[in-house]
Amino acid sequence: NDFREICTKLYGTSNEIFEQAKSRYLSAIEKFEKIYSKNSNSENNQTKDIHIFSASGRTEIGGNHTDHQHGCVLAAAVNLDAIGVVNFHNDKVIRVTSEGFESFSVNLDNLSVQKNETGSAAIVRGIVASFEKIGVKVYGFDLYTTSDVACGSGISSSAAFETLIGTIIDSYYNQNNAGAVEIAKIGQFAENVYFGKNSGLMDQMVSSVGGLVFIDFNDTENPIIDNFKYDFESKGYCICITDTKGSHADLTDDYVAIRAEMESVAAFFGKQYLRQVAETEFWENISEIRKSEKCSDRAINRAIHFFNDNKRAKQEADALKSDNLQTFLKLVQQSGDSSIILLQNLYSISNPTNQELLLGITVS
């Protein structure tokens, strides 16, 4: 009964969904025991004492690339998640096996940034380092993960993994004292500093906090978080995810360019982020911004996108709260068009003939 209640909360109410979830969790436990049974030589490494965790993917609804400029977003957790089967021990090493990926381990004796360390191992090391900085002593654990948050699907498999690791550590070694918001910040820190991607905070925050949420990142240390509910299903709507076979693997530079270009416009006004720039002042100075060697036309277009989408995120949330679904859908369409025309982030300029997302949208 307890498991059915958890599954209902995470995945939905149908019996078919429950049976699928039960099968998935049992399979994950069996694989964990098969992989890590060889480590059960000592009393500290017995696979019978296991814990199971879940961290969801997220869908961005409004506020595309606004979070890293301290803007507003509307987003929601989804019922696709990463689950982890864990056994804790005192070996000072974290061993991770993720379905479909090579296993890796992270020695906790050295938590500094490792020059040649990449991917998930760097993320794990960065998360542990963050907990150690706030006085949480982390020893080690064995982890098997499986995820239906597909890599490159746009629902943030990386944030789900970061939230999973942060929640595991906070739960066992910190008695849940950090909480969802701090876990999100820790995930972002690991991604920024250890993984090397200068991301904003939206992905981690939505995965960690959960639900349908409007977030104002004007003060990133104390973001304003507004959880509310809207029953799309009762209105006949659901989210469809199209697998375009695209990949985020080589898009870090493109992501960094968006942030850097937006901040080049902010710097023209002596500010660090676009949220600090008055929109009226921006429009009044476009011709002068274009004369700046540090601001391209694309940077200006991306700044226009920020100002518009930052407002749209709040308008979308207000539309849902007042049950004005048609206005909401119109705003979502406007946001998507702006991402194509102004933000220009639906394909990589390093490989402009590969346009899976644009083709997927067109065919849909």
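How each quantity is defined
In every chain, residue numbers begin from 1 and rise along the written sequence. Per-residue local features of the predicted model are confined to residues with pLDDT of at least 70, and side-chain atom pairs are confined, for both listing and counting, to 80 or more; whole-chain, interface and lining totals are unaffected and use all residues. Derived side-chain values reflect all non-hydrogen atoms in the structure, with water molecules and hydrogen atoms excluded from consideration. Only runs of H or I of at least four residues qualify as helices and only runs of E of at least two qualify as strands under DSSP, and these elements are numbered from the N terminus. For this measure, only C-alpha atoms enter the radius of gyration; the expected value for a globule follows 2.2 Å times N^0.38, where N is the number of residues. The cut-offs for exposure are 20% and 50% of the maximum accessible area for each residue type, with area from a 1.4 Å probe on protein chains only; residues under the lower value are buried, those over the upper are exposed, and the others partly exposed. Contact criterion: two residues are considered in contact whenever any of their non-hydrogen atoms come within 4.5 Å of each other. Residue exposure ignores everything except the shown protein chains as possible cover, and the areas themselves are Shrake-Rupley values with a 1.4 Å probe. Working definition: rings of Phe, Tyr and Trp (its six-membered ring) pair if their centres are within 6.5 Å, and the pair is stacked with planes under 30 degrees apart, edge-to-face with planes over 60 apart, and tilted otherwise. The rule is short: NZ of Lys or CZ of Arg within 6 Å of the ring centre and within 35 degrees of the ring normal puts a charge over the ring. Grouping into patches uses exposed residues only, defined as over 30% relative accessible area, and leaves out salt-bridged ones; the cut-off is 9 Å for like charges and 5 Å for nonpolar side chains (Val, Leu, Ile, Met, Phe, Trp, Tyr). Here a salt bridge means any side-chain nitrogen of Lys or Arg lying within 4 Å of a carboxyl oxygen belonging to Asp or Glu. What pLDDT expresses is the predictor's confidence in each residue, scored from 0 to 100. By definition here, a helix of n residues has an expected span of 1.5 Å times n minus one. Our arc is simply the arc of the directions from the helix axis toward the C-beta atoms. Pairing between strands requires that DSSP locate at least two bridges from one strand to the other. Helix axes are fitted to C-alpha atoms over the stretch in contact, other axes to C-alpha atoms as well, and angles between N-to-C directions run from 0 to 180 degrees. Any angle that falls under 35 degrees is termed roughly parallel, while one over 145 is termed roughly antiparallel, one within 65 to 115 roughly perpendicular, and all others oblique. Two helices that cross are described as forming a left-handed crossing if the nearer one is turned anticlockwise from the farther one by less than a right angle, and a right-handed crossing if clockwise. Within this scheme, the nonpolar core is defined by two criteria: the residues are buried Ala, Val, Leu, Ile, Met, Phe, Trp, Tyr or Cys, and they are joined through side-chain atoms within 4.5 Å.

Student: Please set out the overall build of the protein chain residue by residue, giving values where relevant.
Tutor: Check the secondary structure of the protein chain and you find 12 helices and 7 strands. Its C-alpha atoms give the protein chain a radius of gyration of 21 Å, within 12% of the compact-globule value 21 Å for 364 residues. A burial count over the protein chain gives 46% of its 364 residues as buried. For the protein chain, restricting intrachain contacts to residue pairs at least 6 apart in sequence, the fraction spanning at least 24 positions comes to 68%. Just so you have it, the protein chain exposes about 18,400 Å², and 48% of that area is on carbon and sulfur atoms.

Student: Any details on the packing of aromatic side chains? Residues and values, ideally.
Tutor: Any aromatic ring pair is given by two values, namely how distant the centres are and how the planes are angled relative to each other. Per the stated rule, a full pass over the model turns up 15 aromatic pairs. Note on tyrosine 139 and tyrosine 173: the rings are 6.2 Å apart at their centroids and 45° apart in plane angle, and the pair reads as tilted. Remark: tyrosine 173 occurs in helix H4 (residues 157–173) and tyrosine 139 occurs in the loop between helix H3 (119–133) and strand S5 (140–147); sequence separation between them is 34 residues. Owing to a relative accessible area of 34%, tyrosine 139 belongs among the partly exposed residues under this scheme. An aromatic cluster is present here, built from Phe88, Tyr139, Phe141, Tyr172 and Tyr173 joined pairwise through their rings. Sitting over the face of the ring of tyrosine 139, lysine 92 holds its NZ or CZ atom 5.5 Å from the ring centroid. The ring of tyrosine 255 has lysine 197 lying over it, and the distance from NZ or CZ to the ring centre is 4.6 Å.

Student: A description of a nonpolar patch on the surface should follow, citing residues and the corresponding values.
Tutor: Together, Ile340, Ile341 and Ile361 give the surface a local cluster of nonpolar side chains, amounting to about 270 Å² of exposed area. In this structure, isoleucine 361 sits in helix H12 (residues 356–363). Exposure remark for isoleucine 361: the relative accessible area of 48% places this residue in the partly exposed category.

Student: Tell me about the confidence of the model for the protein chain, and please be specific about residues and values.
Tutor: Of all residues in the protein chain, 94% attain a pLDDT of 70 or more, and the chain-wide mean is 90. In this model, residues 41–47 is a region of pLDDT below 50 whose contacts with residues beyond four sequence positions or in other chains number 18 contacts.

Student: Can you tell me about helix H2 (residues 15–36), naming the residues and giving the values?
Tutor: An ideal rise of 1.5 Å per residue puts 32 Å on 22 residues; H2 measures up with 32 Å between its terminal C-alpha atoms. Among the residues of H2, those classed as buried are Phe18, Ala21, Arg24, Tyr25, Ala28, Ile29, Phe32 and Tyr36. The buried side chains of H2 occupy one side of the element, clustering within an arc of 135° when seen end-on. Residues of H2 that are exposed and point over 90 degrees away from its buried face: Glu16, Glu30 and Lys34.

Student: Tell me about the pairing of strand S2 (residues 72–89), and please be specific about residues and values.
Tutor: For S2, a buried count of 15 out of 18 residues is recorded, marking the element as mostly surrounded by other parts of the structure. Bridge count between strand S1 (residues 51–62) and S2: 10 bridges; the pairing is antiparallel. Residue alanine 55 lies in a different strand from S2, and its bridge partner there is alanine 82. Pairing of S2 with strand S6 (residues 212–216) involves 5 bridges; the strand directions are antiparallel. In the sheet register, valine 73 faces S6, and the bridge partner there is isoleucine 215. Inspection of the sheet shows S2 paired to S5 by 8 bridges, in the antiparallel sense. Its bridge partner being in S5, valine 85 is matched across the sheet by tyrosine 144.

Student: So what's going on with the packing of H3 against helix H5 (residues 179–195)? Which residues, and what values?
Tutor: Contact geometry of H3 with H5 gives a least axis separation of 8 Å together with a crossing angle of 125°. In terms of orientation, H3 and H5 fall into the oblique class. Helix-helix and strand crossings are classified by hand; for H3 and H5 the assignment is right-handed. Here Gly119, Ala122, Ile123, Arg125, Gly126, Ile127, Ala129, Ser130, Phe131 and Lys133 of H3 come into contact with H5, specifically with Ile186, Phe189, Ala190, Glu191, Tyr194 and Phe195.

Student: Describe the environment of histidine 70, and please don't skip the residues or the numbers.
Tutor: When you line up the elements, histidine 70 lands in the loop between S1 and S2. Along the backbone, histidine 70 and threonine 8 are 62 residues apart, and their C-alpha atoms lie at a distance of 34 Å. Non-local contacts of histidine 70, meaning those with residues more than four positions away in its chain, are made with Asp216, Phe217, Asn218, Thr220, Tyr273 and Arg275.

Student: Lay out the nonpolar core with the relevant residues and their values.
Tutor: One finds Val124, Ile127, Val128, Val138, Phe141, Ile168 and Ile169 to be the most contacted residues of the largest nonpolar core, which totals 35 residues. Mapped onto this core, the elements with two or more residues apiece are S1, S2, strand S3 (93–98), strand S4 (104–107), H3, S5, H4 and H5. Residue contributions to this core peak at 8 residues, all from H3. Contacts of isoleucine 169, omitting those with residues within four sequence positions, involve Ile127, Val128, Phe131, Val138, Phe141 and Asn174. Among the nonpolar cores identified, the runner-up in size contains 19 residues, and Phe269, Cys295, Ala303 and Leu342 belong to it.

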